[in-house]
Amino acid sequence: MSGILAAGALVLALCSASGLAGAGQDSVASARAALGRGDGIAAQAELEKALGAGAARSDVAALMGEAFIVQADYDRARDWLGPGKFAQADQQQGWLMLGRLERLTGNLAAAGAAYDRALTLSPNDPEVWVDIGRLRYVGGEQLQAIDAADRALSAAPGNPHALEFRAELLRDSAGWQAALPLYERAVALAPNDVGLLGGYAATLGEAGQARAMLAVTRTMINLAPKDPQAWYLQAVLAARAGKVDLARSLLARAGSQLEDVPAAMLLQGTLELESGNANVAAAVFERLALAQPANPRLQLLLARALYESGDSDGLKARFGPLAARGDASVYLLTLLARAYEDQGDRAAAAPLLDRAARFQGAAVVPISGGDGPVGAARAAVGAGNAAAAEAAASQLIRQRPGLALGYALGGDTALAQGASGLALERYGQSARVRWPDRVLLRMVEALERSRRGGEAAQLVGGYLAAYPGSRQAARLSAGFAALGGDWAHARSMLESLRQRGGNRDARLLADLSLTQLRTGDADAALETAERAAALQPGSGVAAQAWALALVELDRDPGQAAALLAKARRIGGDNPLLAAARKTLGKPG
């Protein structure tokens, strides 16, 4: 029997077991098929037909609850699932759906109880284990969530939802390319599942396969024209191509269903900012920041929106403390300085500009804030109290051994104490769940402190292969390539970063200028260095890049000498400056 015929036979068997017949049976079968492709609206319509044909409420309760969950109408889903009255054949599905509803509405303990009921009825059901894995993940048992995903796949290697969940976990810990084969297997098994297709499309996009991503989103629209995810994903593609107006139009077609989804909010704010609507962007970013206070990219976008909307007071109030931290970016320091200058307070702007000019790389400083052991450990590291920080982090790891954040924070405390080996071990545990740029940066620092720079370069290379869109990894890769004398690779990385939004980053442009110089393109090096200096006139590295290009081209020796002196005054002497002075015939 073919897979399609077998699935049809199963649907009919389930309908028969519930006592349905005729039109009601056909409608329930159609509803199951609609749910299989993620179409909750069509499923609801078919189930209402079944009720009209004489089906009992219990005959359709589990499916109707699922249909409303798919539509994110959780109150109506509870009307059907809450009483726990399901047809005999739908008992396991009903408890599974009730567990899902409780999980999605934040009632984690109630979700666990419902999943236990479902598990009692079917201990090896992969769908139940997928949902248990998702519950564990949001509940902070993230390493245990991986175990649940593996158990689901072990029970049913061909279950598309088990493949999808494992792909999602793999995407966060091993990269986009690593997740694609699992997505491809899942899509082959469930080609009409719109939710699954959305995850697949997003992963294709992050892996750099824009055309394939677009093709999948078009399939999604054909299957479910009103589903907002496809329009959002197409908006992402348009934004990446620099088509801001098109991206805004596509995002608008997604409607209001995504207005509280963080990724969509971030995209909306960014598009409004690029369109000159800084006030609107600031409002969106402010709302998102309440949910993601530790998102560094969001913080910088909010800072830019506040500045461009003319809210200098708001910018200073919100970002003054962040600018005082050792890991404050040049961009934030410069924005804040401009806000003070706009208000005529040059005395307050001067130290910020000085720090930006002398910037040699951010210190690794843990994110502040948080409650309980998290907040205690972060505060202790920030205050330099390594012993208290380690005690709080160790307590968190003991209390919640599956929480990735606990291991990342433990890595920070170990690094602060100089225990690089322990820090690497803890960061590695955290990266089993999620491997963001900030954890990579800390792992690189731990390796370099252990005098294992070669391993650090390999780690960055592997990370860049897994996450080709990572700006931080590309920057690190360029640095390691330059240290190894591979100036062509370093230039390639930095040119790519410039094209991806780095044309306003004076430090990046100064570094790019040096790679252009080292690859024999002095004219390009001069042009790039001049832009860097225009962006940040007080930058020592920009002055150095400009001077080196002038010396190489044998142009304007007076200006070159002045720039060399400026760079030396701001950032101190170095071999590049000394060699350039020698070429000019100036004393050291």
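### As for the overall build of the protein
Part 1: Broken down by element type, the protein carries 34 helices and zero strands.
Part 2: Sorting the 588 residues of the protein into buried and exposed places 48% on the buried side.
Part 3: With an accessible surface of roughly 26500 Å², the protein has 53% of that area assigned to carbon and sulfur atoms.
Part 4: Across the protein, the 60 positively charged side chains and the 59 negatively charged ones have centroids separated by 4 Å.

### Things to note about the packing of aromatic side chains
Part 1: Scanning the model with the defined rule gives five aromatic pairs in all.
Part 2: Judged by centre distance (4.9 Å) and plane angle (40 degrees), the ring pair of Tyr-463 and Tyr-467 falls under tilted.
Part 3: Under the relative-accessibility criterion, Tyr-463 is labelled buried at 2%.
Part 4: A relative accessible area of 8% means that Tyr-467 is categorised as buried.
Part 5: Members of the aromatic cluster, connected to one another through ring pairs, are Trp-176, Trp-435, Tyr-463 and Tyr-467.

### A few points about the nonpolar core
Generally speaking, soluble globular proteins have nonpolar side chains that are buried together.
Part 1: Core analysis: the largest hydrophobic core is formed by 146 residues, its most contacted members being Tyr-232, Trp-435, Leu-440 and Val-444.
Part 2: For this core, the element with the highest residue contribution is helix H32 (residues 540-553), accounting for ten residues.
Part 3: Not counting residues up to four positions away in its chain, the partners in contact with Tyr-232 are Leu-251, Ala-254, Leu-258, Ala-263, Ala-264 and Leu-267.
Part 4: One finds Leu-301, Ala-305, Phe-319 and Ala-337 within the second-largest nonpolar core, a separate group that totals 30 residues.

### Some remarks on unusual backbone geometry
Part 1: Phi at Ala-72 takes a positive value of approximately 60 degrees, unusual for a residue other than glycine.
Part 2: Positionally, Ala-72 belongs in the loop between helix H4 (57-70) and helix H5 (74-81).
Part 3: Classification of Ala-72 as partly exposed rests on a relative accessible area of 47%.
Part 4: Although it is not a glycine, Arg-451 sits at a positive phi angle of roughly 60 degrees.
Part 5: Structurally, Arg-451 is set in the loop between helix H26 (437-449) and helix H27 (453-466).
Part 6: Given the relative accessible area of 81%, Arg-451 is considered exposed.

### A closer look at the confidence of the model for the protein
Part 1: Taken as a whole, the protein shows an average pLDDT of 91; of its residues, 94% reach a score of 70 or greater.
Part 2: When the criterion is pLDDT under 50, residues 1-17 qualifies, and its contacts beyond four places in sequence or with other chains add up to 13 contacts.

### Considering the packing of H27 against helix H28 (residues 471-483)
Part 1: Interhelical geometry of H27 versus H28 gives an angle of 140 degrees and a closest axis separation of 9 Å. The pairing of H27 with H28 is recorded here as oblique in orientation. Note that H27 runs across H28; the crossing there is left-handed. Contact residues: H27 offers Gly-453, Ala-456, Ala-457, Val-460, Tyr-463 and Leu-464, while H28 offers Ala-473, Ala-474, Leu-476, Ser-477 and Phe-480.
Part 2: Of the residues assigned to the contact of H27 with H28, the class counts are nine nonpolar, two polar and no charged.

### A closer look at the pattern of salt bridges
Part 1: Inspection of the entire model under this criterion finds 29 salt bridges.
Part 2: Taking the shortest distance from any N to any O, the salt bridge between Arg-287 and Asp-260 comes out at 2.8 Å. Placement of the pair is Arg-287 in helix H17 (residues 278-291) and Asp-260 in the loop between helix H15 (244-253) and helix H16 (262-274), with a sequence separation of 27 residues.
Part 3: A relative accessible area of 55% means that Asp-260 is categorised as exposed.

Procedures and definitions
Residues numbered from 1 in each chain as written. Predicted model: local features only at pLDDT ≥ 70, side-chain atom pairs only at ≥ 80, totals over all residues. Heavy atoms only, no water. Helix = DSSP H or I, 4+ residues; strand = E, 2+ residues; numbered from the N terminus. Buried < 20%, exposed > 50% of the residue type's maximum accessible area, 1.4 Å probe, protein only. Areas by Shrake-Rupley, 256 points an atom, 1.4 Å probe, with all protein chains shown as cover. Lys, Arg positive; Asp, Glu negative; His and termini not counted. Charge placed at Lys NZ, Arg CZ, Asp CG, Glu CD. Phe/Tyr/Trp six-rings, centres within 6.5 Å; stacked < 30°, edge-to-face > 60°. Core = buried A, V, L, I, M, F, W, Y, C linked by side-chain atoms within 4.5 Å. Contact = heavy atoms within 4.5 Å. pLDDT = per-residue confidence, 0-100. Axes fitted to C-alpha atoms, helices over the stretch in contact; angles between N-to-C directions. Parallel < 35°, antiparallel > 145°, perpendicular 65-115°, else oblique. Left-handed = near helix turned anticlockwise from the far one by under 90°. Nonpolar A, V, L, I, M, F, W, Y, C, P; charged D, E, K, R; others polar. Salt bridge = Lys/Arg side-chain N within 4 Å of Asp/Glu carboxyl O.

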